[in-house]
Amino acid sequence: MKITVIGTGYVGLVSGACFADVGNDVLCLDIDPAKIDVLERGDIPIYEPGLQDMVRRNVAAGRLHFTTDVERAVHFGTVQFIAVGTPPDEDGSADMQYVIAAAQNIGRYMTDYKVVVDKSTVPVGTADRVRAAIAQELAHRSVQAPYSVVSNPEFLKEGAAIEDFMRPDRIVVGCDDPQGVAYMRAIYAAIQRNHDRLIVMDIRSAELTKYAANAMLATRISFMNELANLAERLGADIEQVRKGIGSDPRIGYDFLYAGAGYGGSCFPKDVQALIRTAQADAGMPLHLLTAVEAVNHAQKRVLGRKVTQRFGSDLSGKHFALWGLAFKANTDDMRMATSREVIHDLLAAGATITAYDPVAMHEAQRCFADAPGLRYAGNQTAALEGADALIIVTEWREFRSPDFAMIKSTLRHPVIFDGRNLYDPQLVRSMGLEYQAIGR
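The following paragraphs examine the structure supplied in this document. Predicted model only: the values in this text are computed from it and were never measured.

Each value, and the rule that gives it
Residues numbered from 1 in each chain as written. Predicted model: local features only at pLDDT ≥ 70, side-chain atom pairs only at ≥ 80, totals over all residues. Heavy atoms only, no water. Helix = DSSP H or I, 4+ residues; strand = E, 2+ residues; numbered from the N terminus. Rg over C-alpha atoms; globule rule 2.2 N^0.38 Å. Buried < 20%, exposed > 50% of the residue type's maximum accessible area, 1.4 Å probe, protein only. Contact = heavy atoms within 4.5 Å. Areas by Shrake-Rupley, 256 points an atom, 1.4 Å probe, with all protein chains shown as cover. Lys, Arg positive; Asp, Glu negative; His and termini not counted. Charge placed at Lys NZ, Arg CZ, Asp CG, Glu CD. Salt bridge = Lys/Arg side-chain N within 4 Å of Asp/Glu carboxyl O. 1 Å grid on protein atoms, 1.4 Å probe; cavity = no way out; pocket = protein on both sides within 12 Å on 5 of 7 lines; lining within 4 Å. Points joined across faces, edges and corners; volume = space filled by probe spheres on them. Nonpolar A, V, L, I, M, F, W, Y, C, P; charged D, E, K, R; others polar. Pairing = 2+ DSSP bridges. Right-handed = clockwise from strand over helix to strand, strands pointing away. Axes fitted to C-alpha atoms, helices over the stretch in contact; angles between N-to-C directions. Left-handed = near helix turned anticlockwise from the far one by under 90°. Polar contact = N/O pair within 3.5 Å; in protein donor to acceptor, adjacent residues only side chain to side chain.

### Regarding the overall build of the chain
Here's step 1: Along the backbone of the chain there are 18 helices and 14 strands.
Here's step 2: Radius of gyration (C-alpha) of the chain: 24 Å, near the 22 Å computed for a compact globule of 440 residues.
Here's step 3: The C-alpha extent of the chain, read off along each of the three principal axes, is 75 × 45 × 45 Å.
Here's step 4: The buried share of the chain, reckoned over its 440 residues, is 54%.
Here's step 5: Pairs at least 24 residues apart make up 72% of the contacts formed inside the chain by residues separated by at least 6 positions.
Here's step 6: As displayed, the chain offers around 19100 Å² of accessible surface, 51% of which is attributable to carbon and sulfur atoms.
Here's step 7: Between the centroid of the 46 positive side chains of the chain and the centroid of its 54 negative side chains there is a distance of 4 Å.

Here it is, written out as structure tokens:
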């Protein structure tokens with residue numbers, strides 16, 4: 001099948017590459033010539049395990065193409081996936097200008113039947129706006145061409161996106177006409193041969209499902225973080241609590257890890273957007289999600305507060321090693337990352353920092369520019385040199401089993417602040433290190 005994917009960001013590039021990998025002919029459109037140049041050279045503008053090899057393989061096979069030509073892209077695919085960004089606006093709502101512009105371009109150039117699929121994370125009611133934008137452009141041209149509008153939200157985890165796409169838990173399709181549903185079933189048939197994972201519902205329910213899923217996961221994280229802070233005061237261990245409640249099948253173990261707050265491009269943005277949608281479109285405040293967001297904002301400051309409680313509010317002359325910059329492991333994404341808050345707090349208190357991350361160093365240098373007091377190391381061991389203490393912010397696998405004796409001998413003060421609860425406190429303390437984790 002011929003498929004057009006509009007947008008070559010995280011969702012668009014992963015979707016386009018995966019669709020091509022199962023045999024479809026895919027054209028990815030982006031209006032940024034620099035990004036298309038990078039892709040045509042065989043490189044990718046983001047880090048995602050396995051994605052670069054998949055892109056190169058399908059480009060070489062002639063199934064994956066890239067363009068900046070809007071008209072060519074609209075004519076190419078019967079199915080048009082809109083996978084552009086929906087960044088938060090000033091009031092926290094999703095900025096829909098790129099989605100609507102994509103819909104307008106489809107209406108401006110289409111001449112035959114199209115299935116227009118919202119793959120971006122969008123507020124409830126977006127499909128109506130997309131449909132209206134296409135209709136307006138067709139009317140302006142005095143053209144009558146049929147089309148279906150579909151909501152098909154993505155549920156990809158950064159760092160495991162290819163696995164999530166190829167082996168999905170569910171494929172949510174919101175559509176109000178049989179022809180559109182038939183096309184979606186045909187497209188996804190190749191990745192659900194074992195059993196049917198496609199869930200068809202009305203469009204507005206599909207749009208809400210994406211926000212509801214991310215809001216639920218964010219709620220679990222903030223719940224555990226607040227309990228972790230309580231556990232510290234009560235002398236309990238949040239890891240033991242996690243095991244105790246996670247063993248209940250009604251609760252389960254997923255997303256019950258306490259830490260230094262969630263970040264990335266999805267949870268913060270989507271929780272904000274859902275709060276804003278409820279208030280603006282339904283006149284209904286979402287008290288629970290407002291609290292989830294407030295807890296998360298506070299949790300990102302916990303590590304910095306632990307450091308100042310240990311070393312004093314004036315950190316002038318103190319130097320810290322920081323392991324992990326990305327908001328989570330297996331990505332270079334630093335959007336809303338906890339590391340940004342920790343670095344800001346420590347630098348503001350007068351400290352200096354040497355940071356290391358396996359893949360996010362370049363992105364960190366872009367985010368922090370030439371921030372005074374911040375430098376970078378080539379590996380995790382080098383980051384420890386001259387440091388008063390170690391701060392762990394991201395749960396990279398290579399941080400899980402370090403040489404604690406080496407850490408103790410290198411640090412000026414044998415202290416580890418662990419924002420991801422990577423280690424057994426008893427083991428670390430038996431090595432002569434002071435260990436400050438979250439809720440332990």
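### Things to note about the pattern of salt bridges
Here's step 1: All chains considered together, the criterion is met by 25 salt bridges.
Here's step 2: The salt bridge partner of Arg-131 is Asp-176, with a shortest N-O separation of 3.4 Å. Of the two residues, Arg-131 sits in helix 6 (residues 126-141) while Asp-176 sits in the loop between strand 7 (171-174) and helix 8 (178-188), which places them 45 residues apart along the sequence.
Here's step 3: Between Asp-388 and Arg-412 there is a salt bridge, with the nearest N and O atoms lying 3.6 Å from each other. Of this pair, Asp-388 sits in the loop between helix 16 (380-383) and strand 12 (389-392) while Arg-412 sits in the loop between helix 17 (404-410) and strand 13 (415-418), and the two are 24 residues apart along the sequence.
Here's step 4: Overall, the relative accessible area of 3% leaves Asp-388 in the buried class.
Here's step 5: Judged by its relative accessible area of 52%, Arg-412 falls in the exposed class.
Here's step 6: Where salt bridges share partners, they join Asp-128, Arg-131, Asp-176 and Arg-204 into one cluster.

### Quick notes on the layout of surface pockets
Here's step 1: Its volume calculated, the second largest pocket comes out at about 1400 Å³.
Here's step 2: Residue assignment for the lining of the second largest pocket shows that the elements contributing at least two residues are helix 1 (10-21), helix 4 (70-76), helix 5 (97-109), helix 11 (267-282) and helix 15 (361-368).
Here's step 3: When residues of the lining of the second largest pocket are assigned to their parent elements, the largest contribution, five residues, is made by helix 5.
Here's step 4: The residue inventory of the lining of the second largest pocket, partitioned by class, reads 22 nonpolar, 15 polar and eleven charged.

### Topic: the pairing of strand 7
Here's step 1: Here strand 7 shows no split at all, with Ile-171 and Val-173 on one side and Val-172 and Gly-174 on the other all buried.
Here's step 2: As paired elements, strand 7 and strand 8 (residues 198-201) share four bridges and run parallel to each other. Across the sheet, residue Val-173 finds its bridge partner in strand 8, namely Val-200.
Here's step 3: Once the chain exits strand 7 it traverses helix 8 before rejoining the sheet at strand 8, and the crossover so formed is right-handed.

### Side note on the packing of helix 11 against helix 12 (residues 287-299)
Here's step 1: Where helix 11 contacts helix 12, the axes come no closer than 10 Å and their chain directions differ by 145 degrees. Of the two elements, helix 11 crosses helix 12, and the hand of that crossing is left-handed. Of the residues in helix 12, those in contact with Val-271, Gln-272, Leu-274 and Ile-275 of helix 11 are Leu-289, Thr-290 and Glu-293.

### Considering the side chain of Lys-306
Here's step 1: Note that Lys-306 resides in helix 13 (residues 302-311).
Here's step 2: Residue Lys-306 is classed as buried on the basis of its relative accessible area of 9%.
Here's step 3: Side-chain polar atoms of Lys-306 contact the backbone oxygen of Ala-437, separated by 3.2 Å.
Here's step 4: Discounting residues that sit within four places of it in the chain, Lys-306 has contacts with Glu-232, Phe-417, Gln-436, Ala-437 and Ile-438.

### What to know about helix 13
Here's step 1: Among all positions of helix 13, only Val-302, Leu-303, Gly-304, Lys-306, Val-307 and Phe-311 are buried.
Here's step 2: Immediately beyond the C-terminal end of helix 13, within one or two residues, lies Gly-312, with a positive phi of roughly 100 degrees.

### Observations regarding empty space enclosed by the protein
Here's step 1: If you walk through the whole model with that rule in mind, you get two cavities of 30 Å³ or more.
Here's step 2: Here the largest cavity defines a volume of roughly 50 Å³.
Here's step 3: Around the largest cavity, the lining residues are Tyr-262, Pro-268, Gln-272, Glu-293, Asn-296, His-297, Lys-300 and Met-336.
Here's step 4: Looking at the lining of the largest cavity element by element, the count peaks at three residues for helix 12.
Here's step 5: The computed volume of the second largest cavity comes to approximately 30 Å³.
Here's step 6: What lines the second largest cavity is simply Asp-118, Ser-120, Thr-121, Val-122, Ser-151, Asn-152, Pro-153, Glu-207 and Lys-210.

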